[in-house]
Amino acid sequence: EVQLVESGGGLVQAGGSLRLSCAASGFTFDDYAMTWVRQAPGKGLEWVSAISWRGDSLFYAESMKGRFTITRDNAKNTLNLQILSLKPEDTAVYYCAKSRSIHFADGMDYWGKGTLVTVSS
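Here's what I pulled together on the structure shown here. (Residues numbered from 1 in each chain as written. Predicted model: local features only at pLDDT ≥ 70, side-chain atom pairs only at ≥ 80, totals over all residues. Heavy atoms only, no water.)

**Structural notes on the pairing of strand β9 (residues 92–99)**
Short version of the rule: Each residue is placed in one exposure class: buried if its accessible area under a 1.4 Å probe, protein chains only, is under 20% of its type's maximum, exposed if it is over 50%, and partly exposed if it falls in between. Only DSSP runs of H or I with at least four residues qualify as helices, and only runs of E with at least two residues qualify as strands; both kinds are numbered from the N terminus onward. Each pair of strands is called paired provided DSSP finds at least two bridges between the two strands.
Along β9, seven of the eight residues are buried, which leaves the element largely enclosed by surrounding structure. Relative to β9, strand β4 (residues 34–39) runs antiparallel, the two being bridged by six bridges. Of the residues in β9, the one forming a bridge with Trp36 is Cys96. Where β9 lies against strand β11 (residues 115–120), three bridges are found, and the strand directions are antiparallel. The residue bridging Ala92 from the neighbouring strand is Val117, located in β11. Bridge analysis of β9 against strand β10 (residues 108–111) gives three bridges, and the strand direction is antiparallel. Considered in β10, the bridge of Ser99 is made with Met108.

**Details of the nonpolar core**
We apply this condition: Buried residues of nine kinds, namely Ala, Val, Leu, Ile, Met, Phe, Trp, Tyr and Cys, make up a nonpolar core once their side-chain atoms join them within 4.5 Å. We call two residues in contact whenever any of their non-hydrogen atoms come within 4.5 Å of each other.
One finds Leu4, Trp36, Phe68, Leu79, Leu81 and Tyr94 to be the most contacted residues of the largest nonpolar core, which totals 27 residues. Of all elements in the fold, only β3 (18–25), β4, β5 (45–51), β7 (68–73), β8 (78–83), β9 and β11 reach the threshold of two or more residues within this core. Per-element tally for this core: the top contributor is β3, with four residues. Beyond its immediate stretch of four places on either side in the chain, Tyr94 contacts Glu6, Leu20, Trp36, Val37, Arg38, Phe68, Leu81, Ile83, Gly114, Thr115 and Val117.

**Quick word on the pattern of salt bridges**
Heads up, the condition is: Any Lys or Arg side-chain nitrogen found within 4 Å of a carboxyl oxygen on Asp or Glu counts as a salt bridge.
Tallied over the full model, the rule gives six salt bridges. Across the pair Arg67 and Asp90 runs a salt bridge whose closest N-O atoms are separated by 2.8 Å. Placement of the pair is Arg67 in the loop between β6 (58–60) and β7 and Asp90 in the loop between β8 and β9, with a sequence separation of 23 residues. Overall, the relative accessible area of 1% leaves Asp90 in the buried class. A salt bridge links Lys98 to Asp109, with the nearest nitrogen and oxygen atoms 3.0 Å apart.

Now the structure itself:
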């Protein structure tokens, strides 16, 4: 059974930083690209970032470039997202998702339950 469990969210002041993690199990982690998606209160899903199966290709939404860093540790089956200089508009539930293949553009087939990030001004 595929399981994705996010952690690391919480309440943080604007300007602070957080490191989100996603523990993956139930599949061969390094056979798939992985993605972070977020959903702000009352809004739709927003794609944040993706990483190739080997971790050597990184992709970011334009608005995320510079403050967000995606990484993965295939030995530990873990996906990470470092967020710097947090802004109130970063407040959202952050989800990690497994891609259907080594290519993140092929879409996602499994999602975690998310971790809530709340940024106070």
